[in-house]
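So the chains spell out like this:
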Amino acid sequence: MTDFASSSAAQPLSPSATENALVERLDAFRWELNAHCYRMLGASSEAEDAVQETFVRAWRHHESFEERSSLRTWVYRIATNVCLDMAGSRQRRARPMDLEAASTAATPLRPPVIEGSWLEPIPDPSVLPVGADPAQIVDVRDSVRLAFVAALQFLPPRQRAVLLLREVLRFRADEVAEL
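Heads up: these notes are all about the structure in this document. Bear in mind that the values here come from a model prediction, so they are computed numbers and not experimental data.

1. As for the overall build of the chain
When helices and strands are counted, the chain shows 10 helices and 0 strands. Counting from the amino terminus, helix and strand elements in the chain follow one another as α-α-α-α-α-α-α-α-α-α. In the chain, which comprises 179 residues, the proportion classed as buried is 34%. Look at the contacts in the chain between residues 6 or more apart in sequence, and 67% of them connect residues 24 or more apart. About 11200 Å² of surface is accessible on the chain, with carbon and sulfur atoms providing 55% of the total.

This is the structure:
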């Protein structure tokens, strides 16, 4: 794959060629961003929404990418911030009162909704690299197991992000600090 900056420096690209190159480069990160967002948020539907929002933000701000870091680091910064924004949002998940129709005071109370009941497993194809080394597939599967993702949800969002970036994704400490 050619480098985005070197290809644009070699010859001026039309806007459509630049857009196609950016889309192609971002799409290469889709499966790993989907896994990262799933680990951060705990629900596959929210992870997909976060990846889409990441791509939208990257698309809007791709001119500001100065290539002082790798494209992967820059995209992970955006994805992590999207996940932190989503985790801090009050409207993030349906509340128990949003899940059922209105009732009267005479209606008996239902059992409380169990904390973490929104956690769900994620389908393998959305987080596993196609044609990857079997060892890499095993590592990814371990890092998206429901038990691991459920345990992550007990950490505050920023601590969860640091743990995932350092220990799961193996980013350097200076990259994580910058993120």
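Moving on from the model shown.
2. Let's talk about the nonpolar core
Judged by nonpolar contacts, the single largest core of 40 residues is most densely connected at Leu-33, Cys-37, Met-40 and Trp-74. Contributing elements (two or more residues each) for this core: helix 2 (15-27), helix 3 (30-41), helix 4 (44-60), helix 5 (71-88), helix 7 (134-143), helix 8 (146-152) and helix 9 (157-168). In terms of residue count, the dominant contributor to this core is helix 5 (9 residues).

3. Details of the pattern of salt bridges
Tallying each qualifying case throughout the model produces 8 salt bridges. Two residues, Arg-57 and Glu-53, come together in a salt bridge whose shortest N-O distance is 3.0 Å. Linking Arg-57 with Glu-53, this pair stays in helix 4, spanning 4 residues, or about one helical turn. A residue is classified by how much of its surface remains accessible, and Arg-57, at 24% relative accessible area, is partly exposed. The salt bridge involving Asp-174 is made with Arg-172; its shortest N-O contact spans 3.2 Å. Judged by its relative accessible area of 47%, Asp-174 falls in the partly exposed class. One continuous salt-bridge network, built from bridges that share partners, spans Glu-53, Arg-57 and Asp-85.

4. Comments concerning the packing of aromatic side chains
All chains considered together, the criterion is met by 1 aromatic pair. Relative to Phe-171, the ring of Tyr-76 has its centre 5.3 Å away and its plane inclined at 65°; by these criteria the two rings are edge-to-face. With Tyr-76 in helix 5 and Phe-171 in the loop between helix 9 and helix 10 (173-178), the pair connects residues that are 95 residues apart, well separated along the chain. Residues Tyr-76 and Phe-171 agree in their burial class; the two are buried.

5. Quick word on helix 4
With 17 residues, helix 4 ought to run about 24 Å at 1.5 Å a step, and its terminal C-alpha atoms sit 24 Å apart, in line with that. Looking at helix 4, one finds that the buried residues are Ser-44, Glu-46, Ala-47, Ala-50, Val-51, Thr-54, Phe-55 and Ala-58.

About the cut-offs
- Residues numbered from 1 in each chain as written.
- Predicted model: local features only at pLDDT ≥ 70, side-chain atom pairs only at ≥ 80, totals over all residues.
- Heavy atoms only, no water.
- Helix = DSSP H or I, 4+ residues; strand = E, 2+ residues; numbered from the N terminus.
- Buried < 20%, exposed > 50% of the residue type's maximum accessible area, 1.4 Å probe, protein only.
- Contact = heavy atoms within 4.5 Å.
- Areas by Shrake-Rupley, 256 points an atom, 1.4 Å probe, with all protein chains shown as cover.
- Core = buried A, V, L, I, M, F, W, Y, C linked by side-chain atoms within 4.5 Å.
- Salt bridge = Lys/Arg side-chain N within 4 Å of Asp/Glu carboxyl O.
- Phe/Tyr/Trp six-rings, centres within 6.5 Å; stacked < 30°, edge-to-face > 60°.
- Expected span 1.5 Å × (residues − 1).

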